[in-house]
Amino acid sequence: MTQNVTELDYLKMSAWQKFCYKFVSFFKAIPLLFLNFFKVRIPAAAKRVGLWFKNFGLTIYSAAKYGDWKTRFSFVLFGFSQLARKQWLRGLLFLAFETMFILYMALFGWQYLGMMGTLGTVESQWVENPWTGLEELVPGDNSLLILLYGLLTIIFMLAFVYAWYHSIRSAYNTQQIEEARQSLATAKDDVKSFVDDQYHKTLLAVPLAGLTIFTILPIIFMIFVAFTNYDKAHTPPGSLFTWVGFQNFIKVFGGGMAGGTFGRTFGRVLLWTVVWAFFATFSNYILGIIVALMINKKGIRFKKLWRTVLVMTIAVPQFVSLLLMGQMLGDHGIINNMLKSWGLVKDYIPFLSDGLLAKVTIIVVNIWVGIPYTMLISTGILMNIPEDLYESARIDGAGPVKAFFKITLPYMLHVTAPYLITQFIGNLNNFNVIFLLTYGGGPSLPLLGYDVTATDTDLLITWLYKLIFRNNDYGVASVISIMMFLMTAVVSLVVYNRSSAVKNEEDFM
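No experiment lies behind these values; they were computed from the predicted model shown.

A. Quick look at the overall build of the protein. When helices and strands are tallied, the protein shows 20 helices and 2 strands. Taken over the C-alpha trace, the protein has a radius of gyration of 31 Å; the compact-globule value for 509 residues is 23 Å, which it surpasses by more than 25%. Overall size of the protein, expressed as C-alpha extent along the three principal axes, is 90 × 80 × 50 Å. Residues classed as buried in the protein amount to 37% of the 509 residues present. Here the analysis covers contacts within the protein between residues at least 6 apart in sequence; of these, 65% occur between residues at least 24 apart. When the accessible surface of the protein is summed, it comes to about 30400 Å², and 68% of that surface belongs to carbon and sulfur atoms. For the protein, the separation between the mean place of its 40 positive charges and that of its 30 negative charges on side chains is 10 Å.

B. Layout of the environment of phenylalanine 160. Relative to the helices and strands, phenylalanine 160 is located in helix H6 (residues 143–179). Separated by 252 residues in the primary sequence, phenylalanine 160 and methionine 412 have C-alpha atoms spaced 49 Å apart.

C. Up close: helix H5 (residues 88–114). Taking 1.5 Å of rise per residue, 27 residues should cover 39 Å, and H5 covers 36 Å from first to last C-alpha, within 8% of that figure. In the structure, H5 departs most strongly from a straight axis at methionine 105, where the bend amounts to approximately 60 degrees. Those residues of H5 lying buried are Gly91, Phe94, Phe97, Glu98, Phe101, Tyr104, Met105, Gly109 and Tyr112. Tucked inside the fold, the buried residues of H5 contact helix H4 (80–84) and H6.

D. Main features of the confidence of the model for the protein. When pLDDT is averaged across the protein, the result is 83; 90% of the residues are at 70 or more. The least confident element of the protein is helix H20 (residues 500–503), whose mean pLDDT is 56; the most confident is H6, at 92. Note that residues 446–450 has pLDDT below 50 and, in this model, 9 contacts with residues that lie over four places away or in other chains.

E. Highlighting the packing of H5 against H6. One way to put it is that H5 packs onto H6 with a least axis distance of 10 Å and a crossing angle of 155 degrees. Taken as axis vectors, H5 and H6 run roughly antiparallel relative to one another. As H5 packs across H6, the resulting crossing turns out to be left-handed. Residue composition of the contact of H5 with H6, by class: 19 nonpolar, 7 polar and 2 charged.

F. Representation of unusual backbone geometry. Residue proline 236 is joined to proline 237 through a cis peptide bond whose omega torsion reads 5 degrees. Relative to the elements of secondary structure, proline 237 occurs in the loop between helix H8 (199–225) and helix H9 (247–252). Despite not being glycine, leucine 119 shows a phi value in the positive range, around 60 degrees. Residue placement: leucine 119 occurs in the loop between H5 and strand E1 (125–128).

G. The arrangement of the side chain of threonine 455 in detail. With respect to the helices, strands and loops of the structure, threonine 455 is situated in the loop between helix H17 (431–437) and helix H18 (460–469). Here threonine 455 falls in the buried class, since its relative accessible area comes to 8%. Among the polar contacts listed, one links the side chain of threonine 455 to the side chain of aspartate 458, at a separation of 2.7 Å.

H. Up close: a nonpolar patch on the surface. A surface patch of nonpolar side chains, amounting to about 510 Å² of accessible area, comprises Phe194, Val195, Tyr199, Leu203 and Leu204. Assignment of secondary structure puts leucine 204 in helix H8.

I. Structural detail: the side chain of asparagine 229. Inspection of the secondary structure assignment puts asparagine 229 in the loop between H8 and H9. Classification of asparagine 229 as buried rests on a relative accessible area of 17%. Engagement of the side chain of asparagine 229 in a polar contact is seen with the backbone nitrogen of threonine 242, the distance being 2.7 Å.

J. Structural context of the pattern of salt bridges. Counted according to the given criterion, the structure contains 7 salt bridges. Note that lysine 251 is salt-bridged to aspartate 473, the shortest N-O span being 3.4 Å. With a gap of 222 residues between them, lysine 251 in helix H9 and aspartate 473 in the loop between H18 and helix H19 (474–498) connect regions that are remote in the sequence. Aspartate 473 carries the same exposure label as lysine 251, and that label is buried. Residue arginine 394 pairs with glutamate 387 through a salt bridge whose shortest N-O separation is 3.5 Å. In this structure, a network of salt bridges that share partners links the residues Asp68, Arg85 and Glu178.

K. How the structure looks around the packing of aromatic side chains. Under the defined criterion, the tally for this structure stands at 33 aromatic pairs. For the ring pair tryptophan 272 and tryptophan 276, a centre distance of 6.3 Å and an interplane angle of 50 degrees mean the geometry is tilted. One end of the pair, tryptophan 272, and the other, tryptophan 276, are both in helix H10 (residues 257–296), 4 residues apart, so they sit about a helical turn from each other. Through a chain of ring-to-ring contacts, the aromatic side chains of Phe78, Phe97, Phe101, Tyr104, Phe108, Tyr112, Tyr149, Phe156 and Phe160 assemble into a single cluster.

L. Structural context of helix H16 (residues 400–428). Taking 1.5 Å per residue, 29 residues should reach 42 Å; H16 reaches only 33 Å between its end C-alpha atoms and comes up short. Threonine 416 marks the point of greatest bend in H16, at about 70 degrees, and the proline proline 418 comes within the next four residues.

M. The packing of helix H11 (residues 303–315) against helix H14 (residues 355–382), seen in detail. Between H11 and H14, the least distance of the axes is 8 Å, while the angle of their chain directions is 125 degrees. By the angle between their directions, the pair H11 and H14 is classed as oblique. The handedness of the crossing between H11 and H14 is left-handed. Between H11, through Arg307, Leu310, Val311, Thr313 and Ile314, and H14, the contact on the second element is made entirely by Trp368, Val369, Pro372, Tyr373, Met375, Leu376 and Thr379. Here the residues of the contact of H11 with H14 sort into 9 nonpolar, 2 polar and 1 charged.

Conventions and cut-offs
- Residues numbered from 1 in each chain as written.
- Predicted model: local features only at pLDDT ≥ 70, side-chain atom pairs only at ≥ 80, totals over all residues.
- Heavy atoms only, no water.
- Helix = DSSP H or I, 4+ residues; strand = E, 2+ residues; numbered from the N terminus.
- Rg over C-alpha atoms; globule rule 2.2 N^0.38 Å.
- Buried < 20%, exposed > 50% of the residue type's maximum accessible area, 1.4 Å probe, protein only.
- Contact = heavy atoms within 4.5 Å.
- Areas by Shrake-Rupley, 256 points an atom, 1.4 Å probe, with all protein chains shown as cover.
- Lys, Arg positive; Asp, Glu negative; His and termini not counted.
- Charge placed at Lys NZ, Arg CZ, Asp CG, Glu CD.
- Expected span 1.5 Å × (residues − 1).
- Bend = angle between axes of the 7 residues up to and from the residue.
- pLDDT = per-residue confidence, 0-100.
- Axes fitted to C-alpha atoms, helices over the stretch in contact; angles between N-to-C directions.
- Parallel < 35°, antiparallel > 145°, perpendicular 65-115°, else oblique.
- Left-handed = near helix turned anticlockwise from the far one by under 90°.
- Nonpolar A, V, L, I, M, F, W, Y, C, P; charged D, E, K, R; others polar.
- Polar contact = N/O pair within 3.5 Å; in protein donor to acceptor, adjacent residues only side chain to side chain.
- Patch = residues over 30% accessible without salt bridge, like charges linked within 9 Å, V, L, I, M, F, W, Y side chains within 5 Å.
- Salt bridge = Lys/Arg side-chain N within 4 Å of Asp/Glu carboxyl O.
- Phe/Tyr/Trp six-rings, centres within 6.5 Å; stacked < 30°, edge-to-face > 60°.

Below, the structure is given as structure tokens:
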């Protein structure tokens, strides 16, 4: 199907053959993308890193060999060269950073860094007070704080090296400008630069700091926790946890007796997570477009009313709707009671108590919740599709279904590809629908003697919640978090780069 298909051969295919060809080509290209990543992207990134280190070494060497005494003294005292040459703002900023680093390291940075190898050795214990005869808690080391502050210290040290390099480079450049008898930038010029040619750096400074503190640092911390035995039995400050290498990864992927059960459960939850994300995303997407088409169709009356009715599901808080639906669909809920009173069922329909039926119910309820969002987005896009395309299609004998698949859907996919990817990733991490509708995950999986806390309808995100807040198994939860991060990152990058929104950016201009 995918071997050497020319454009003419592709045009001769039937609609089903074209779909199969695109489907197989898409998944066949994924290994090539990974191969390209390892053969092209990684060597290119390594080359850039090597070039940076080369420039780093050359700058330090040139400043040490050819720099004057002011530049050389800047190797020890940040910003000295700039201050000596009356560049007060630059000099004070470099000097303030060095002072802050020295104070941080002297006060507590070194002690936390020194304990990173063991994550603490002294546990908290109860000791009898000889004066009062009462037992008092003597606090020991806190492994969590040691890991956190040790990680912060490592990051701070890397930032210090980076600032040291820029201080020396700036000092040497300032010296060269002065030797060339050119005017040096003043503090006023520096401030003006930050609102002019360097304005992009000014705007990005706060978002970049927020990204580092609230996203990058937690991810790095999570990766470190995955290599520890941080769980219910090793919870600080009462107990210590320590490094255990790859034991948590072995447990998650099926090593050992308990790990074997854990690994099988992880596989089942992962499979359901992917299946759920697929159906939850594309059912809402396709049906939302169809509803938008029906409402926008000429001759339909009360269009504003139908839109208002659908938007009402958005206006009501989602957790209220889901909790109410969970009550209604329960074994003894209002829906089963009505069906029983009408004689349609003998006992009840296990909407949320049977594993398979619970999954189907969740997908159906999610359709009811999610269609209005897609309908609103689709309405605006559909109004921008040229009517001439539909007129030409009707003249050529195309019916509504064919026009939908040949005109409407390709146009929508081109415009909404980033939104579709966002929805898919959001559904992979959709905590609310699963947890609130099934009151914590629904019916239980048949477990084999090991409490993994997972249930039939649990996604990875809801299982992660249970592992943390019920079992306090932070080490294993961190491994699952890493897998979720890798999965969402791969899906986002691969699908987005393969979408028409990137490959054929100007097709619908």
